[in-house]
Amino acid sequence: MEYDFLIIGGGIAGISCAARLAGRGTILVLEAEDALAHHASGRSAALYEPRYGLAPVVALSLASGTYFHETKDVLAPRGMMIVGKAEERAAFEADATSMDLSPVSFDAAQAIVPILNPETVAHVAVADHAWDIDTDLLLQGFAREARTAGAQILTKAPVTAIARDGAGWRVTSAKGDFTARILINASGPWADVVAGMAGVNPLGFTPLRRSMARIPAPGGHDVSRWPMIFGAGETWYSKPDAGALIVSPAEEEPSVPHDAFADDMVLAEGLARYEEMVTEPVTRLLANWAGLRTFAPDRVPVIGFDANVPGFFWLAGQGGYGFQSAPAASQLAADLLTGTPSEIDRDIITSLRPGRFS
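The structure displayed is predicted, hence computed values, not measured ones.

## Describing the pattern of salt bridges
A pair can form between side chains of opposite charge whenever their charged atoms are brought close.
Item 1. Following the criterion strictly, the structure yields 16 salt bridges and no others.
Item 2. For arginine 78, the salt bridge identified is with aspartate 132, shortest N-O distance 2.8 Å. With a gap of 54 residues between them, arginine 78 in the loop between β4 (75-77) and β5 (80-84) and aspartate 132 in strand β8 (residues 131-133) connect regions that are remote in the sequence.
Item 3. One salt bridge in this structure joins lysine 85 and glutamate 87, with 3.9 Å as the shortest N-O distance.
Item 4. Assessed through its relative accessible area of 62%, glutamate 87 is described here as exposed.
Item 5. When salt bridges with common partners are traced through the structure, they connect Arg210, Glu234, Glu252, Arg293 and Arg299 into a single cluster.

## Overview of the packing of helix α1 (residues 12-21) against helix α6 (residues 135-148)
Item 1. Close contact between α1 and α6 brings their axes to 7 Å; oriented N to C, the two are set at 40°. Judged on the interaxial angle alone, α6 and α1 are oblique. By crossing handedness, the relation of α1 to α6 is classed as left-handed. Contacts between α1 and α6 pair Ile12, Ile15, Ser16, Ala18, Ala19 and Arg20 from the former with Leu138, Leu139, Phe142, Ala143, Glu145 and Ala146 from the latter.

## A few points about the packing of aromatic side chains
Item 1. Scanning the model with the defined rule gives 13 aromatic pairs in all.
Item 2. Aromatic pair tryptophan 236 and tyrosine 274: ring centres 5.6 Å apart, planes at 75°, arrangement edge-to-face. With tryptophan 236 in the loop between β14 (228-231) and β15 (237-241) and tyrosine 274 in helix α8 (residues 264-276), the pair connects residues that are 38 residues apart, well separated along the chain. For the residue pair tryptophan 236 and tyrosine 274, the accessibility class agrees, reading buried in each case.

## Details of the domain arrangement of the protein
Item 1. Taken domain by domain, the protein comprises domain 1 (2-45 + 135-204 + 297-352) and domain 2 (80-127 + 206-293).
Item 2. One C-alpha centre belongs to domain 1, the other to domain 2, and the line joining them spans 32 Å.
Item 3. Each partner contributes residues to the interface: domain 1 has 12 residues there, and domain 2 has 16 residues.
Item 4. Contact between domain 1 and domain 2 buries roughly 1100 Å² in total, counting both sides, with carbon and sulfur atoms accounting for 52%.

## Considering unusual backbone geometry
Item 1. A positive phi is found at alanine 242, a non-glycine position, where the angle reads about 55°.
Item 2. Along the chain, alanine 242 turns up in the loop between β15 and β16 (244-248).
Item 3. The phi dihedral of alanine 250 falls on the positive side, at around 55°, and the residue is not glycine.
Item 4. Structurally, the position occupied by alanine 250 is in the loop between β16 and β17 (253-254).

Basis of the calculations
- Residues numbered from 1 in each chain as written.
- Predicted model: local features only at pLDDT ≥ 70, side-chain atom pairs only at ≥ 80, totals over all residues.
- Heavy atoms only, no water.
- Salt bridge = Lys/Arg side-chain N within 4 Å of Asp/Glu carboxyl O.
- Helix = DSSP H or I, 4+ residues; strand = E, 2+ residues; numbered from the N terminus.
- Buried < 20%, exposed > 50% of the residue type's maximum accessible area, 1.4 Å probe, protein only.
- Axes fitted to C-alpha atoms, helices over the stretch in contact; angles between N-to-C directions.
- Parallel < 35°, antiparallel > 145°, perpendicular 65-115°, else oblique.
- Left-handed = near helix turned anticlockwise from the far one by under 90°.
- Contact = heavy atoms within 4.5 Å.
- Phe/Tyr/Trp six-rings, centres within 6.5 Å; stacked < 30°, edge-to-face > 60°.
- Domains from an automatic or database assignment.
- Buried area = accessible area lost by both parts, 1.4 Å probe.

This is the structure in C-alpha cells:
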C-alpha cells in the first residue's frame, strides 16, 4: 500500500498533523520510541501563554486559542508572573511589555506568592492570560482523531533509510518498508538527520538542552494556585506541578539529538538564581530531567515544502512553543499539504517557509 502522507515523528507536531490530515488521504506515522511524545513533547513545561515567542510563533499561538478554549479540560487557569532584581529593570520591562503583563506592588505579589523575597525582588508584573495545558489529553485527543479517520500510528519504528521511489518515497523502518507520495519531517531534534537520509539539504536546526528539577512545595505551602514565575530575561522559571514545584535554569545548551538528561551543575546554578528571589531554600530534589528544544537558525518554526526537493515537507523547529502553537501549526501544515487556503496571514506563512534558508 502506498500512503498519501508518511509522517516521521510521533511528538505533538506529527500527531496533530496526522489529525488535521484525517479524511484528506491515507496517513502513516512512524515513531522511533516505545510511546508517543517521548522526547521534547513529553518534557514540556506545558503552558499556553500565546504572547510568548517571536512574532510568527505568537501568531500561531494566538490562532490556536479557539481550539484550546473550545476543547474540554485541555486548559486550566494558571496565570503568570515576572520578577526582577533592581538591576534587571530593562529586562523586566522588555518581558512585561512583550507578554502584556501589568506591574504590581511587592505586597500584591507576595499575597499571591508568599515566599517572594522582599530584599531581592524589586520589580513584579502579572497576567492571567496563561493556562496549564493537559499535554497528554491534547496529544491523545489528536491521536484518537487521526486513528478514527483511519490513520495508522506505529511506535517502536525507527527509520533507518529513506529513498526516492518514482515520484514518491520509500521509507525503511524497524516495522517494515513503506511507500508514500509525500514525506513529512516532524522529527524534532532529528529533523536535519532525517533530511540527510532523504537526500535533502539540512536547514541548520540546533537542539538546545533545557533542564528541570521538581522540588517539594516550598515551606509546605499550597502552591496549586501560584502562577508560573519567570526571572526577568528568562534566567529561570518555576511552575506548580502536582503539589510540588518544577524549577528550570532555562538554559539553552547546544546539543546533538539524543535522549537528554539534566546537567547537575546547570541545575544547581538555576536553583541558586531561583533561591535568591525567594525566602525558602531548596533542601532536596524529588526528580530531575531535561528535554531538547530545537530551533532553526532564526528561531522561527519551519512549515512548508522543501524549496528544492518535491514531496518533502518540513514541520520542525517548534522550539519551546510546540504545544501552545500545535492546533494552528498543524492546521496550517495540513492546508499547505493539500493546497487548501489557510486562515493564517500570508506574511506569517512566508516567514515559516523552508525556502527562506535557500
